[in-house]
Structure formats: structure tokens, C-alpha cells
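Structural features, examined
Below are the chains, spelled out letter by letter.
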Amino acid sequence: MIKKILVANRGEIACRVINTCREMGIPTVAVYSEADRKALHTLRADYAIYIGESEASESYLNIDRIIAAAKSTGADAIHPGYGFLSENADFAQRCIAEGLVFIGPPANVIRNMGDKRTARQLMDESGVPIIPGATITQRDAAARQAEEIGYPIIVKASAGGGGKGMRVVNRPQDLEDACAAASREALKAFGNSTIYLEKYFSKTKHIEFQILADADGNVIHLLERECSIQRRHQKIVEESPSSALSPSLRRKMGQAAVAAARAAGYVNAGTVEFLLNIDKTFYFLEINTRLQVEHPVTEMITGIDIVRQQIEIASGNSLAIRQDQVTATGHAIECRIYAEDPENAFMPSPGTLSFIREPTGPGIRNDCGVYLGCMVPMDYDPIISKLIVHATNRTAAIKKMVKALREYVILGVKASTPFLIDLLDSKHFCDGEIFTDFIEKYFREWKPDAQGIDEALIAYIVDELSGKTQSPVAQTPGGPLSPWETLGNWRLG
Amino acid sequence: VEFKLETREQSVSVEVEKKADQQLEVKVGKNNYEVGYTRISDNQIHLSVNGKNSMVFLAKNQDGKVVFINGNTFTVADGDKRVRNRTGTGKSDKTPDSVTPPMPAVVVSVLVQNGDRIKKGDGVIVVSAMKMETTLVAPYDGRVKRVRVSQGDKVKPGDGLIDIEKDY
């Protein structure tokens, strides 16, 4: 059994992994960069090791320093979380070479699935349907290949994931710029600039299946997640079950997911992603060889702790759950809460959290990576937390999520919560009419509503008029100013 | 007492009269409210507005205060004070003749050189924050007067990255 786990990640997912380790009685080691000296994961783990400058290549992507941190603290296993080194085959291989357990699939599986072209080929050979597409070998070949596939096309990073290095191209004249930008982003995010083209389908759903596989060849799936609500090709709302799947389609896609996992020689937890067209045909997109951001929705409906399963499998244990024992109860929804400005093209909004209050109540879970007073650095993905709710059915889950979002106070950085409230409250979402272009179509010109504006103005004045508590932080040198000094102008009425 | 407050790009006059301890009569625009309040903490106030309860959260920001109520946030500023600040130090002045990033970022590439003629909407510089690249565009037709930054520089809102001489 694993004795001590180093979590090679940051933010909410590092905290999430630490939580399960703690339940299992396994001590944890966090690693942190310059920007994360006071980050929540740094403070929460049993031990924390500084690994370098804020730039990811100097810290969370630096294999040598992470291995050294594991050695120096006596950790015998590494959990990579998502992003960063989680889908880096060299890292997985290096862990094994150094005598460390990598909590994830074998290096060759990561390598094969990480190269989207090889993955497409493997799936094609095993009869899993794939999207028409082509690899870009030379710059000038791209235009011809795009013509052959037919516009609109999507440019993707071969080593990609998480929406990074992706561009939709509608017109031939935009192709070159899109390829250059995608390639540059891919190089920066994944250290590999290879890109490829695929046919772009506009009215599609993103359906994925969680899989678990052990070293003895047992493979099961933990049902689907629907992740169709995306901005910049990055998921922001996920749910399970999907309202688009009939029991027979669910069975069919579940079988395809298990077949895909077997074709890949998969071990540990993974996700098989499918694109589902309106006519219910589905295509293999990719296998994510890591813990997914949205794994909690599956945990909520199945009651299975996926991180615990990962650790058990990595320890060499066989799966203790058979396919016929996987049951789902109710409906779960996750909203990703980002430090970003929904009024301004979801532009990142780094800064210091001057106040935060997390929602609570039955069926509400918030996987959070920040705390009051901490910094949301500009150097990394701007995720603050993932808010997850679980209720008896989809309608009840939506209402619970809206209630939870209304109680989620985040001040100091711009947050996506007001946008998410309107999105979940919308008729289109409630009717399950959700496609990957949902936001572009229905929420393009979104502005926050003015409900509560008078109360907000009253609150401002009450705040000025009523004395603050004797908090040492609030005191200004030379004593607090009276409202008559701080307010700009006033007249006797 | 009368205040001029600004929020959501509108200016609202608010009249306040103290009725009793923690009791106010407030007129916002044309609406009258009976207000009772309890301060819970530095960031939290309980309001009773015409008998309806709500919990409100506030924090200072560079523009004034951000006020959270029932999932909605408003940035509220003291209108008269803002005017004073603008004419005062000039520190918060925008630099309209220069391109500035919308968030703290790193310069990925500079797309123009000194002296280049540019049209409104042309990309002039690519910046990256939180792993996302954004191309900043020219706000109007003109000529690049000066490129103030180079690749790898850390920049923040308010920094002039590229000065543009506007065509008239």
C-alpha cells in the first residue's frame, strides 16, 4: 500500500486529492511555486516543498524538481491531478524509473492517447467511430486539407486538452492565423506545437464516460457526464445523467467507452469523450488519461470516490466494484467558478480575494482552492472552485444550484457566478436544449440584471454610516475616517 | 443628507434621513424605503428594506465598493469623489493614446513597429494571462508612435504598451 503521496498540482484539485488521502490516512506532500507560497494547497498538505518560480516550466511542469521533492520527503507515490504533468508520458515513466508509483495510467497509454492522431488510429482499428480529420505536416498543406474536410473546421493541439490550443475556422483566409495561434498556445501549454484539423460540428453535445480499469484487465464505466456548456471550448457546466441519452443509447455508448479503454490497454481512472450529434450518432473525441475536472458529478450520483479508486488501483488492488453494482441516484450538476469577467468575453480577473463565503446546505459541495485574503495569481488557470449540487432530479438540481450560486459571495476578483445564475435559470438550459455553442448562441451579449440595485446603493450608504468592527486590518493610520470625511459631497436635505 | 452615487454607468441621487438608531428613511431616485440595518462584520450587513430581509456583502475596490446582493454584484462609487480624483492626481487617468491590457499579463508578441500605419481593429500586440492569449487591437486609425514593451514583459492595466498617434 502507498505510504505517502506527493500531489504534483495546485489549487482546488490539489486540495481535493489531499482530502481523500487524509480520509485514507495517507500523509500528503504539496509542491508550490513562488506565486503559491500562501496558496491553500500549500497550507493544507501535511508537508509542502518549494519547487521554483511562478512560471509553470520552472515549477509545476518541472519534472526534476518534483521528483526531487518526492525523494526528499520520502513520498512513494505521485498524484498528478489534472493539467500540468498529468498527461505527460515522460513524467509517468520517470516516476516508475525512480521507484515511485504514478497514480494514473501506464506511460505508453498516456503517450498513445496523448497523441490524438495515434488515439484516432487505435480507435478506428477497434471499431470506435472517429471524426473526419487530418494532421498538419506542413504549413502549406493545411489549406488543402481543410478544403478536403470542408469548412468549418477546428484546429486542435495534438497534445491538447482543456480547450488550450483550439481554434474554430470558418473561412479559408483565417486558417493560417488560427494555426499559428493554436500552435503557439499548444507549445506553451503542452510543450508540443503539433496541431491537426478536424471537421467542426456546430450543434453537438459533449458526452463523456468515466472509466475505471485495474491491472487485472477489469474495466467498468461509471456512467456519463454531459459537458456541453462551454466557453472558449472549455467546459463550465457539467451534469450527470445527460438528458440526451435514452437507456439504450447509454448502454451502447457505455460499451463503446469500455471497448475504447480496452483498445488503449487502459489502467486506472480515465474518461472517454464522445461528440454526440443531434441525430444521436456519436464519435470518439479522445481519452483523457487523468482525473477530470468534472469528476465530482459522477461521485455525487454513484457514491464512488474516484480519487480513492485511483489510489487503490495504483496500489495494485483489483476493482472492488463490478459493472452491475454501479448505480446512479438523482441528478448532479457542477459549475466551474472562475475568476473572470463574464461581461467582458470571460477575460481572466486575477487579484486578491477580499471576501469569500462558500454556500452550504444539503446536497451542496464546493471543491475550493482559495481562501479569504489569498491571491488568485495571473500565472495559472483562473479556477476558484467547483460548485457541485446533488438532488433527486434535474429540475431540483438546477434550483439547488441557482440557490447555491446566489449565496456564493466572491469579492475582490470578478467571478462568473452572476452569469451562471442566468444560464441555469434560462428556459433553454432547463429544457435541456444544450449544445456546445450554447453560450455563443443565447448569451453572447449577456449583461448582469439590475435586480437589487436600490438595495446595493442603500448598502453602500449604510456601510459608510455604520461603524466598522475593531478589526486590526480595517484600521488606517491616524484613526478611522468618519463618513463625513470619506464621502465626497453631501448637502443637508 | 443627499449623496450622488454611480453604478452600472448611471448616476443616482440618494437621500438619507436618520429616523432612529439603525433606522433610516432612504429615497433612491423616486423610490422611498424604510431601512433597518445591522452590521454583522466589516464585510457583511443585514438590511431590512420595507420589511424585506437581505444579507449584503461589501468590499473596497479601486473604483469604490463592490456590493454583493443575492448573487448580483454592483460596483458602487461616490460620484462627487470620483470627479475629484479624476481632476486630482491624474493617476487614475486613462491613457487614451495608448493600448493597455485588460488584465495583468505577459507580452507574447508585438505585432507592429514604430512608425507603422494602422487601422482601427488591427491587432497590435498579443498578451497572455492565465494561459489564454488575447490580441489587443488599435482603438482608431493612426500611426504607431512608440512601442514601449517587448516580448516577455509583465504588464498590467493602465500601462501604456503601444502609443498610437491618432489620425484626424
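Residues numbered from 1 in each chain as written. Chains lettered and ligands numbered in written order. Predicted model: local features only at pLDDT ≥ 70, side-chain atom pairs only at ≥ 80, totals over all residues. Heavy atoms only, no water.

A few points about the overall build of chain A
Check the secondary structure of chain A and you find 17 helices and 23 strands. For 493 residues, the compact-globule estimate of 2.2 N^0.38 gives 23 Å, and the C-alpha radius of gyration of chain A, at 24 Å, lies within 12% of that figure. For chain A, the C-alpha atoms occupy an extent of roughly 80 × 55 × 50 Å along the three principal directions. Looking at chain A as a whole, 59% of its 493 residues are labelled buried. Of all intrachain contacts in chain A linking residues separated by at least 6 positions in sequence, the fraction that spans at least 24 positions is 65%. Surface accessibility of chain A: about 19200 Å² in total, with carbon and sulfur atoms responsible for 51%. (Helix = DSSP H or I, 4+ residues; strand = E, 2+ residues; numbered from the N terminus. Rg over C-alpha atoms; globule rule 2.2 N^0.38 Å. Buried < 20%, exposed > 50% of the residue type's maximum accessible area, 1.4 Å probe, protein only. Contact = heavy atoms within 4.5 Å. Areas by Shrake-Rupley, 256 points an atom, 1.4 Å probe, with all protein chains shown as cover.)

With respect to the overall build of chain B
When helices and strands are counted, chain B shows one helix and 16 strands. Expressed as a percentage of its 168 residues, the buried residues of chain B come to 41%. Total accessible area on chain B stands at roughly 9100 Å², and carbon and sulfur atoms take up 45% of it.

Here's the deal with the packing of aromatic side chains
Residues and elements named next belong to chain A. Counting across every chain of the model gives 15 aromatic pairs over all chains. Measuring from ring centre to ring centre gives 5.9 Å for F91 and F102, while their planes differ by 85 degrees; the resulting arrangement is edge-to-face. Of the two residues, F91 sits in helix α4 (residues 89-97) while F102 sits in strand β5 (residues 101-102), which places them eleven residues apart along the sequence. A residue is classified by how much of its surface remains accessible, and F91, at 0% relative accessible area, is buried. Taking the relative accessible area as the measure of exposure, F102 reaches 6% and is therefore buried. Through a chain of ring-to-ring contacts, the aromatic side chains of F346, F419, F438, Y442, F443 and W446 assemble into a single cluster. Here R394 stacks its cationic end above the ring of F429, 4.7 Å away from the centre of that ring. (Phe/Tyr/Trp six-rings, centres within 6.5 Å; stacked < 30°, edge-to-face > 60°. Lys NZ or Arg CZ within 6 Å of the ring centre and 35° of its normal.)

Focus on the nonpolar core
Within the largest apolar cluster, 78 residues are counted, with the highest numbers of intra-cluster contacts made by V237, L423 and L424 of chain A. L423 of chain A has contacts with I229, V237, F429, F438, I439 and F443 of chain A, leaving out every residue within four places of it along the chain. (Core = buried A, V, L, I, M, F, W, Y, C linked by side-chain atoms within 4.5 Å.)

A closer look at the interface of chain B and chain A
The interface is formed by 60 residues belonging to chain B together with 58 residues belonging to chain A. With both chains or domains summed, chain B and chain A bury close to 5500 Å², and 65% of this area falls on carbon and sulfur atoms. The tally of links between chain B and chain A comes to four salt bridges. Across the salt bridge formed by R184 of chain A and E133 of chain B, the nearest N and O atoms sit 3.4 Å from each other. For the interface between chain B and chain A, the tally reads 14 residue pairs in polar contact (both at pLDDT 80 or more). (Buried area = accessible area lost by both parts, 1.4 Å probe. Salt bridge = Lys/Arg side-chain N within 4 Å of Asp/Glu carboxyl O. Polar contact = N/O pair within 3.5 Å; in protein donor to acceptor, adjacent residues only side chain to side chain.)

Some details on the confidence of the model for chain A
Mean pLDDT over chain A: 91, with 94% of residues reaching 70 or higher. Below a pLDDT of 50 lies the segment residues 470-493 of chain A, which in the model reaches 30 contacts outside its immediate sequence neighbourhood of four places, other chains included. (pLDDT = per-residue confidence, 0-100.)

Section: the sheet that holds strand β14 (residues 142-147) of chain B
Residue and element names in this part refer to chain B. In space, the four strands of this open sheet follow the order β9-β16-β14-β11, with antiparallel pairing throughout. Among the strands making up the open sheet, the edge pair consists of β9 (98-99) and β11 (117-118). By the bridge criterion, two bridges tie β9 to strand β16 (residues 162-166) in an arrangement that is antiparallel. By the bridge assignment for β16, V99 is matched with I162. (Pairing = 2+ DSSP bridges.)

Some words on unusual backbone geometry
Residues and elements named next belong to chain A. Of the consecutive residues Y151 and P152, the connecting peptide bond is found in the cis state with omega at -5 degrees. Tracing the backbone through its elements, the reader meets P152 in the loop between α7 (139-149) and β7 (153-157). Cis geometry is adopted by the peptide bond preceding P241, which originates at S240 and carries an omega value of 0 degrees. The topology assignment puts P241 in the loop between β12 (234-240) and α9 (247-264). Unusually for a residue other than glycine, R232 sits at a positive phi of about 50 degrees. Along the polypeptide, R232 turns up in the loop between β11 (219-231) and β12.

Observations concerning the side chain of S183 of chain A
Take S183 of chain A: it is sitting in helix α8 (residues 175-190). Ignoring any residue separated from it by four or fewer positions in sequence, one finds S183 of chain A in contact with S193 and I195 of chain A.

Some thoughts on the packing of helix α12 (residues 394-406) of chain A against helix α13 (residues 417-425) of chain A
The axes of two packed helices give the description: the angle between them and the distance between them. Residues and elements named next belong to chain A. Viewed as axis vectors pointing N to C, α12 and α13 meet at an angle of 160 degrees, and their least axial separation amounts to 9 Å. Our classification of the angle between α12 and α13 gives roughly antiparallel. Every pair of crossing elements has a handedness; the one defined by α12 and α13 is left-handed. Two secondary-structure elements touch here, α12 through I398, M401, V402, L405 and R406 and α13 through T417, L420, I421, L424 and D425. (Axes fitted to C-alpha atoms, helices over the stretch in contact; angles between N-to-C directions. Parallel < 35°, antiparallel > 145°, perpendicular 65-115°, else oblique. Left-handed = near helix turned anticlockwise from the far one by under 90°.)

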